[in-house]
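# Inside the fold
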Amino acid sequence: MKNPCDMKIILGMSGGVDSSVAALLLKRQGFDVTGVFMDNWEESDGEGVCTAAEDREDVRRVCDKIGIPYYTVNFAREYRERVFSYFLAEYAAGRTPNPDVLCNCEIKFKAFLDLAMAVGADFMATGHYARLDLDKSQNRVRLLRARDANKDQTYFLAGLTQAQLERAMFPVGTLEKGEIRKIAGEANLSTALKKDSTGICFIGERNFKRFLMQYLPAQPGDMVTLEGRAVGRHDGLMYYTIGQRRGLKIGGIREGSGESWFVVGKDIKRNLLIVQQGEREELFSLGLYANKINFIAGDPPEKSFACTAKFRYRQADSPVRVTVCGGGIAVDFDRPERAVTPGQWVVLYRGEECLGGGPIDETRPLKKIVLTGV
RNA sequence: UGGGGUGUCGCCAAGCGGCUAAGGCCCCGGAUUUUGAUUCCGGUAUCCGCAGGUUCGAAUCCUGCCACCCCAG
């Protein structure tokens, strides 16, 4: 084992508190830390608030304060080619992709990791809320949930492999968000009180629909009920996701129940958005199929096993049974699940350990959607 | 231009002579959130198709007009 001061660590810094504190912690532990800001999106319109420049400035301030070198790298081309193109293709196919999972697989833990290794780093680090555990008996790394269950980000890391995790460090994974802010405050880091960022990583917080419209032209059509009654118009199927309520602009209708309307399906062929008043059986499913699954350990624990799963980020875990078939899995839910959506990831957990996951391809509905009268 | 019915917030919809005109949906604002989804808070008609009248007092009663719907022609 090398001395910490001989261990070179390249830390991905976003300009937020978490990676700022990660830098501070690594520095205090004596590592040879370098902060790197990733500039992965190039504004094509002047519309979105360009927070990237501010974020980079925050990285600079924090690194100066801590006394570590910092650099900026640009992976815009890689992001566009490996993440954004997939993102658009998925939307065009009527699915709801999760670009941030892919961003971790392709950019932060591939392009960035490769760069770190190329400059002679021993490890790369990020400000993700997650923990790693070396299982010596099996000689493998386990990905564990963050100590702060509320901020856990293992969902976004479920696509990573042993080769990637072996070289990763998550310095803030053992801390609570409150502690992070406290540490940042005590160290006088400029990001101590900075609001947590939301939105798609790199693309940031902006009018999502308008953003998508720049790349996928609107194709308006009808919103219909299961009985084929037209109750509104949609701007294009790609702007909606299963289970969505807001933005449908459907008020009360005669003989209606007075409940809210939800998206329950899409008829791509006829360009129809299928909606339903209230949350009924059609919104729930009993299972799903994911054709491409990544098991962090390299292999599934068994051919068939019980565990828990999330179908969207920040959902509570649901008990499920998994059956491996080929490179994919069939998942059976113990209880019907609401709005399980193709394109989103199913991520499996066993206790604290994240086993892996993959994009959802198909669901097994509680009640099949049959359009009549159209 | 015979008969009947209806007109209350963007949409449904309570109210049928007396507190500052329910409620739901949509919408807007905020909280939560590295997927603008979900969820959670908060906000939104001084005014009831229009104009008169009756009354201490009307969205609620009366008269006229206008609009829409249905039946009959």
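Structure: above.
Given the structure is predicted, the values throughout are model-derived calculations rather than measurements.

### Considering the protein's contact with RNA strand B
In the vicinity of RNA strand B lie 37 residues, with Gly-199, Arg-206, Asn-207, Gly-252 and Gly-258 positioned nearest. Each atom of RNA strand B within 4 Å of the protein belongs either to a base or to sugar and phosphate, the latter forming 65%. Arg-245 has a polar backbone atom sitting 2.7 Å from a phosphate oxygen of RNA strand B. At a separation of 3.4 Å, a sugar or linking oxygen of RNA strand B approaches a polar backbone atom of Lys-249. Here the residues of the surface near RNA strand B sort into nine nonpolar, 16 polar and 12 charged.

### Some points on helix α4 (residues 99–118)
Along α4, the sharpest change in direction is near 25 degrees and occurs at Phe-112. With respect to burial, α4 is a largely interior element, 15 of its 20 residues being buried. At the C-terminal side of α4, Gly-120 shows a positive phi close to 90 degrees.

### Quick look at the side chain of Asp-152
For Asp-152, the location among the structural elements is in the loop between β6 (140–145) and α5 (154–157). Despite its burial, Asp-152 remains without a salt bridge, the nearest opposite charge being carried by Arg-145 at 4.9 Å. Looking at Asp-152, its side chain comes within polar contact range of the main-chain nitrogen of Ala-146, at 2.8 Å. Those residues in contact with Asp-152 that lie beyond four places of it in its chain are Tyr-129, Arg-145, Ala-146, Tyr-313 and Tyr-349.

### Side note on the pairing of strand β8 (residues 221–224)
By the bridge criterion, four bridges tie β8 to strand β9 (residues 230–234) in an arrangement that is antiparallel. Along β9, the bridge assignment pairs Asp-222 with Arg-233. The turn joining β8 and β9, which pair antiparallel and follow one another in sequence, is formed by five residues; a positive phi near 85 degrees is taken by Gly-228. Note: β8 against strand β11 (residues 272–277), two bridges, orientation parallel. Within the sheet, the bridge partner assigned to Met-223 lies in β11 and is Leu-273.

### With respect to the nonpolar core
Within the largest apolar cluster, 67 residues are counted, with the highest numbers of intra-cluster contacts made by Tyr-79 and Leu-248. No other element matches the nine residues that α4 contributes to this core. With residues near it in sequence (within four places) discarded, Leu-248 still touches Met-223, Tyr-240, Trp-261, Phe-262, Val-263, Leu-273 and Val-275. Met-7, Leu-26, Ala-125 and Met-169 belong to the second largest nonpolar core, which has 31 residues in total.

### Considering the sheet that holds strand β7 (residues 168–169)
Spatial strand order, β3-β2-β1-β4-β7: five strands in an open sheet with parallel pairing. The open sheet has two edge strands with one neighbour each: β3 (70–74) and β7. Bridge count between strand β4 (residues 123–125) and β7: two bridges; the pairing is parallel. Across the sheet, residue Ala-125 finds its bridge partner in β7, namely Met-169. Against the sheet, helix α1 (residues 17–28) engages β1 (8–13), β2 (32–39), β4 and β7, with an angle of about 165 degrees to β1.

### Let's talk about the packing of aromatic side chains
Tallied over the full model, the rule gives 14 aromatic pairs. Centre to centre, the rings of Phe-109 and Phe-170 are 6.1 Å apart; their planes meet at 65 degrees, and the pair counts as edge-to-face. Linking Phe-109 in helix α4 with Phe-170 in the loop between β7 and α7 (177–186), this pair joins segments that are 61 residues apart in sequence. Assessed through its relative accessible area of 9%, Phe-170 is described here as buried. Here the aromatic rings of Tyr-155 and Tyr-313 are separated by 6.2 Å at their centres, their planes lie at 50 degrees, and the arrangement is tilted. Highlighted residues: Tyr-155 in helix α5 and Tyr-313 in the loop between β14 (304–310) and β15 (318–325), separated in sequence by 158 residues. In this structure Tyr-155 comes out as buried when scored by relative accessible area, which is 1%. Cluster of aromatic residues (ring-pair linked, three or more members): Trp-41, Tyr-79, Phe-84, Phe-87, Tyr-91, Phe-211 and Tyr-215. The ring of Tyr-349 is capped by Arg-145, whose NZ or CZ atom sits 4.2 Å from the centre of that ring.

Parameters and conventions
- Residues numbered from 1 in each chain as written.
- Chains lettered and ligands numbered in written order.
- Predicted model: local features only at pLDDT ≥ 70, side-chain atom pairs only at ≥ 80, totals over all residues.
- Heavy atoms only, no water.
- Near = heavy atom within 4 Å.
- Polar contact = N/O pair within 3.5 Å; in protein donor to acceptor, adjacent residues only side chain to side chain.
- Nonpolar A, V, L, I, M, F, W, Y, C, P; charged D, E, K, R; others polar.
- Bend = angle between axes of the 7 residues up to and from the residue.
- Helix = DSSP H or I, 4+ residues; strand = E, 2+ residues; numbered from the N terminus.
- Buried < 20%, exposed > 50% of the residue type's maximum accessible area, 1.4 Å probe, protein only.
- Lys, Arg positive; Asp, Glu negative; His and termini not counted.
- Salt bridge = Lys/Arg side-chain N within 4 Å of Asp/Glu carboxyl O.
- Contact = heavy atoms within 4.5 Å.
- Pairing = 2+ DSSP bridges.
- Core = buried A, V, L, I, M, F, W, Y, C linked by side-chain atoms within 4.5 Å.
- Axes fitted to C-alpha atoms, helices over the stretch in contact; angles between N-to-C directions.
- Phe/Tyr/Trp six-rings, centres within 6.5 Å; stacked < 30°, edge-to-face > 60°.
- Lys NZ or Arg CZ within 6 Å of the ring centre and 35° of its normal.

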